[in-house]
Amino acid sequence: MPSALTTRRFTVDEYHRMAEVGVLAPGERVELIDGKIVTVAAIGSRHAACVDLFTPLLVEDVGREVRVRIRNPVRLGDSSELELDVALVRLRPDHYAEGHPRPSDVLLVIEVADTTVDLDRDVKAPLYAAASIPEYCLVDLPSDALKVHRDPTAGAYGHIRQLRRGDHVRPWALPELEVAVSEVLA
Amino acid sequence: MPALATTRRFTVDEYYRMAEVGILEPGERLELIEGEIVRMAAIGSKHAACVNRLNRHFARALGSRVLIVIQNPVRLSDRSEPEPDVTLVRPRPDDYSGSHPGPEDVLLLIEVAEATVDFDRDVKAPLYASAGIAEYWLVDIPAERVQIFTEPGEAGYGGSRAHGRDEMLRPAAFPDLEVSVDAILP
C-alpha cells in the first residue's frame, strides 16, 4: 500500500467495539499500534520461558505499591493498545478492572523478542517513549542481550544500554532489586 | 511500519459489520482493498467533471446496453470492494439491488485520477487484473492521458497503452464505440 496516509486508522475505542461486536474474534491475538490493527506473532517457547524468569524476580520485590502484569493490555493514548509481555504498574484499588492501565500507571515495560526484534526496537520503543514510560527493557533473544531504554524525551529514549550475560541491572522503579542478565535470558 | 508488523486484514462481511454498528461512519468515503480499509481522496472539480463527461458520453452512446455505475461498490472478492469512478456493467433486472456487481458483470472499469495516479496504477491495476476485470482505463488528469490496461492475469495486466489528447479510445466490449480523450479530459 503506497501511502500510509490513505489507510483508515482506528482509535482504541473503535478497536474495543470491534471485539465487542465480533469483528475481532475472541481468541484473536492482535494489537493496536498507532491506529493499525496488527496480528501478534505466536509465542515461541524461548520467549515464554524468558517471561517466566522475570516474574518471580519482580513479584518478590514489588512490595505494596506496584503490581506485575503479564501479557495484559496497556493503553497508550488513543491510537495504541498493546499486550506487553511484562509491565510493572502502580497499584490501583480496582486492579484496573474498570479500565486498562494508561501510560502514567506504567513504571516499566519488558518485551521479549525472538522474531520481532525490529518491530520492538523501531516501532514500539518510540511509542513507549512518546507515552513517557520511564523504562523499557527489550530482551533481544537472537542477540542474547538486554537493551535497557531510559529517559523518554520527545518520542525517543535518551539513554540506551546494551547488557550481556555477566552484567547486572537495577530497574528504575525497583532500585533495591539487582537482576543478573544471565538470570533472565532463557 | 506495515513492513514490520502483519496487518490484520478484514473481510467484506467484517467491513459491513463495522459500518452497521457505527465504527465506520456513513459519511466516510472508504474502500476495502485486499482487506485494508482505505480512505478515498476528496474529489476535486476536474475529477468530477471527467466523471460527468464519461457518464454522459456512455449514456448517449450505449443507452440500455449497459448500466452505468458511478462511484458505487464493485465486489471483487471477499477481501476487496472498491468504488470505482465509472463502471459499465451488464444490465440486470433488479439493477443490482440484490447484490453489488462482481467482476463477471463488469464490461469496462474506469478510474479518474487527479492526486491518486500512483495508487490507481500500482495498487488498483493489479487488483483489478487479478480479479479478472477485462479492461481498465485510468484517466490520468495531471499527465493528460488515458492509460488502457488489458489482458488481466494473476500477476497484473499483460497489456498497457497510454493515449494522449488527440487519440480515440475504443472499449473492447463495444468495438463500435469511440471516445475522444480530449472530450473526457478537463
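Within each chain, residue numbers correspond to sequence positions counted from 1 in written order. Lettering of chains starts at A and numbering of ligands starts at 1, both following the order in which they are written. Residue-level local features of this predicted model are given only where pLDDT is at least 70; pairs of side-chain atoms are given and counted only at 80 or more, and the full residue set underlies all totals for whole chains, interfaces and linings. In computing side-chain properties, one takes all heavy atoms of the structure into account and sets aside hydrogens as well as water.

J.: Would you take a moment to explain the sheet that holds strand 7 (residues 136-140) of chain B for this structure?
T.: Through backbone hydrogen bonds, the strands of a sheet pair up, either in parallel or in antiparallel fashion. Residue and element names in this part refer to chain B. Two strands are said to pair when DSSP picks up at least two bridges between them. Secondary structure elements are defined from DSSP: runs of H or I of at least 4 residues count as helices, runs of E of at least 2 residues count as strands, and each element is numbered from the N terminus. Pairing is mixed in the open sheet, where six strands are placed in the order 4-5-6-7-8-9. Each edge of the open sheet is held by one strand with a lone partner, namely strand 4 (67-70) and strand 9 (159-164). Across the sheet, the mean angle separating the axes of adjacent strands is 15 degrees when strand polarity is ignored. In this structure, strand 7 lies alongside strand 8 (residues 145-150), joined through five bridges in antiparallel fashion. In the strand pairing of strand 8, Val139 is matched with Val146. Whether two residues are in contact is decided by their heavy atoms, any of which lying within 4.5 Å being enough. Every axis in this analysis is a line fitted to C-alpha atoms, fitted for helices over the stretch in contact. Angles between the N-to-C directions lie between 0 and 180 degrees. In this fold helix 2 (residues 45-62) packs onto strand 4, strand 5 (86-89), strand 6 (106-113) and strand 7, with an angle of close to 155 degrees to the strand it touches most, strand 6. The sheet contacts of helix 3 (residues 117-130) involve strand 6, strand 7 and strand 8, and relative to strand 7 the element is tilted by about 180 degrees.

J.: Can you walk me through the confidence of the model for chain A in this structure?
T.: Interpreting fine coordinate detail is not advised for predicted regions of low pLDDT. Counting all residues, the mean pLDDT for chain A is 89, and 96% of those residues have values of 70 or more. Predictor confidence is given residue by residue as pLDDT, running from a minimum of 0 to a maximum of 100. Looking across chain A, the model is least confident in helix 2 (residues 45-61) of chain A, with a mean pLDDT of 85, and most confident in helix 1 (residues 12-20) of chain A, with 96.

J.: Explanation requested: the nonpolar core in the structure shown.
T.: The nonpolar side chains of a soluble globular protein tend to be buried with one another. Residue and element names in this part refer to chain A. Grouped together as the largest cluster of nonpolar side chains are 26 residues, with contacts concentrated most on Phe54, Leu58, Val86, Leu88, Ile110, Val139 and Leu146. Secondary-structure elements contributing two or more residues to this core are helix 2, strand 3 (66-70), strand 6 (86-90), strand 7 (106-113), strand 8 (135-140), strand 9 (145-153) and helix 4 (181-184). Counting residues per element, this core draws most heavily on helix 2, at five residues. Val38, Val123, Ala125 and Leu127 belong to the second largest nonpolar core, which has 25 residues in total. Among the buried residues, those of types Ala, Val, Leu, Ile, Met, Phe, Trp, Tyr and Cys that are joined through side-chain atoms within 4.5 Å form a nonpolar core. Burial classification: accessible surface area is computed with a 1.4 Å probe over protein chains only, and a residue below 20% of its type maximum counts as buried, one above 50% as exposed, and the rest as partly exposed.

J.: How should the pattern of salt bridges be read in this particular structure?
T.: Once their charged atoms are close, side chains differing in charge can pair, the charge on each being opposite to the other. What makes a salt bridge here is a side-chain nitrogen of Lys or Arg within 4 Å of a carboxyl oxygen of Asp or Glu, nothing more. Applying the stated rule across the entire model yields 36 salt bridges over all chains. Here Asp144(A) and Arg165(A) are joined by a salt bridge, their closest N and O atoms 2.7 Å apart. Of this pair, Asp144(A) sits in the loop between strand 8 and strand 9 while Arg165(A) sits in the loop between strand 10 (156-163) and strand 11 (168-169), placing them 21 residues apart in sequence. Overall, the relative accessible area of 24% leaves Asp144(A) in the partly exposed class. For Arg165(A), a relative accessible area of 41% gives the class partly exposed. Across the pair Glu178(A) and Arg170(A) runs a salt bridge whose closest N-O atoms are separated by 3.6 Å. Within the structure, one salt-bridge network assembled from shared partners comprises Arg8(A), Glu14(A), Glu28(B) and Arg39(B).

J.: Even after reading the chapter, I still don't get the environment of His100(A), so can you show me in this structure?
T.: All names here are of chain A. You can see His100 is positioned in the loop between strand 6 and strand 7. Through-space distance from the C-alpha of His100 to that of Leu174 is 22 Å; in sequence the pair is 74 residues apart. Among all residues touching His100, those that are not within four sequence positions of it are His16, Arg69, Pro73, Arg75 and Glu81.

J.: Would you mind going over the packing of aromatic side chains with me for this structure?
T.: Any two aromatic rings considered together are summarised by their centre-to-centre distance and by the angle between their planes. Residue and element names in this part refer to chain B. The rule is short: rings of Phe, Tyr and Trp, with Trp giving its six-membered ring, pair when the centres are within 6.5 Å, and they are stacked under 30 degrees, edge-to-face over 60, tilted in between. Tallied over the entire structure, the rule returns nine aromatic pairs over all chains. Relative to Tyr16, the ring of Tyr15 lies with its centre 5.9 Å away and its plane at 85 degrees, an arrangement referred to as edge-to-face. Taken together, the ring pairs in this structure connect Tyr128, Tyr136, Phe149 and Tyr157 into an aromatic cluster. By definition here, charges over rings are those cases where NZ of Lys or CZ of Arg is within 6 Å of the ring centre and within 35 degrees of the ring normal. For Arg75, the ring lying beneath its charged end belongs to Tyr16, and the centroid distance is 5.3 Å.

J.: Please explain the sheet that holds strand 8 of chain A as it appears in this structure.
T.: All names here are of chain A. Ordered by their spatial adjacency, six strands build an open sheet running 3-6-7-8-9-10, and the pairing between neighbours is mixed. With one partner strand each, in any of the chains shown, strand 3 and strand 10 form the two edges of the open sheet. Along the sheet, successive strands turn relative to each other by an average axial angle of 20 degrees, direction set aside. As paired strands, strand 7 and strand 8 are joined by five bridges and run parallel to one another. From the neighbouring strand, Val112 faces strand 8, where its bridge partner is Val139. Against the sheet, helix 2 engages strand 3, strand 6, strand 7 and strand 8, with an angle of about 155 degrees to strand 7. Together, strand 7, strand 8, strand 9 and strand 10 form the strand contacts of helix 3 (residues 117-130), whose direction differs from that of strand 8 by roughly 175 degrees.

J.: Hey, could you run me through the layout of surface pockets in this one?
T.: Using a probe with the size of a water molecule, rolled over the atoms, empty space left in the structure can be pinpointed. Residues and elements named next belong to chain B. Quantified by volume, the largest pocket comes out at close to 320 Å³. Around the largest pocket, the lining comprises 24 residues; the ones closest to its centre are Met40, Ala41, Thr116, Asp120 and Lys124. For the lining of the largest pocket, the secondary-structure elements that each account for two or more residues are strand 3 (36-39), strand 6 and helix 3. Among the elements that make up the lining of the largest pocket, the one with the highest residue count is helix 3 (three residues). Among the residues making up the lining of the largest pocket, the classes are represented as nine nonpolar, six polar and nine charged. Whether a set of points on the 1 Å grid over the protein atoms alone is a cavity depends on a 1.4 Å probe fitting there but being unable to get out, while an open set qualifies as a pocket with protein on both sides within 12 Å along at least five of seven lines; lining residues are those with an atom within 4 Å of a point. Grid points are joined across faces, edges and corners, and a volume is the space filled by probe spheres set on the points. Residue polarity follows a fixed list, in which Ala, Val, Leu, Ile, Met, Phe, Trp, Tyr, Cys and Pro are nonpolar, Asp, Glu, Lys and Arg are charged, and the others, Gly among them, are polar.

J.: Is there a simple way to think about the state of the cysteines in this case?
T.: Note on terminology: disulfide describes a covalent bond linking the sulfur atoms of two cysteines. All names here are of chain A. Our working definition of a disulfide is a cysteine sulfur pair at a distance within 2.5 Å. Taken as a whole and judged by the stated rule, the model has zero disulfides over all chains. Between Cys137, a cysteine without a disulfide, and Cys50, which holds the nearest cysteine sulfur, the sulfur-to-sulfur distance is 9.2 Å. Under the relative-accessibility criterion, Cys137 is labelled buried at 6%.

J.: Where do I start with helix 2 of chain B in this structure?
T.: Each full turn of the α-helix corresponds to 3.6 residues, which orients residues three or four apart in the same direction. All names here are of chain B. The end-to-end C-alpha distance of helix 2, which contains 18 residues, comes to 25 Å, matching closely the 26 Å that a straight helix rising 1.5 Å per residue would cover. Of the positions making up helix 2, those classed as buried are His47, Cys50, Val51, Leu54, Phe58 and Leu62. Down the axis, helix 2 shows its buried residues gathered within 95 degrees of arc, on one side only. The exposed residues of helix 2 that point more than 90 degrees off its buried face are Ser45, Asn52 and Arg60. On its buried face, helix 2 is in contact with strand 4, strand 5, strand 6, strand 7, strand 11 (179-180) and helix 4 (181-184). Of the residues trailing helix 2, Gly63 is marked for its positive phi of about 50 degrees. Expected helix span is taken as 1.5 Å per residue step, with the number of steps being one fewer than the number of residues. Think of it as the arc spanned by the lines of direction from the helix axis to the C-beta atoms.

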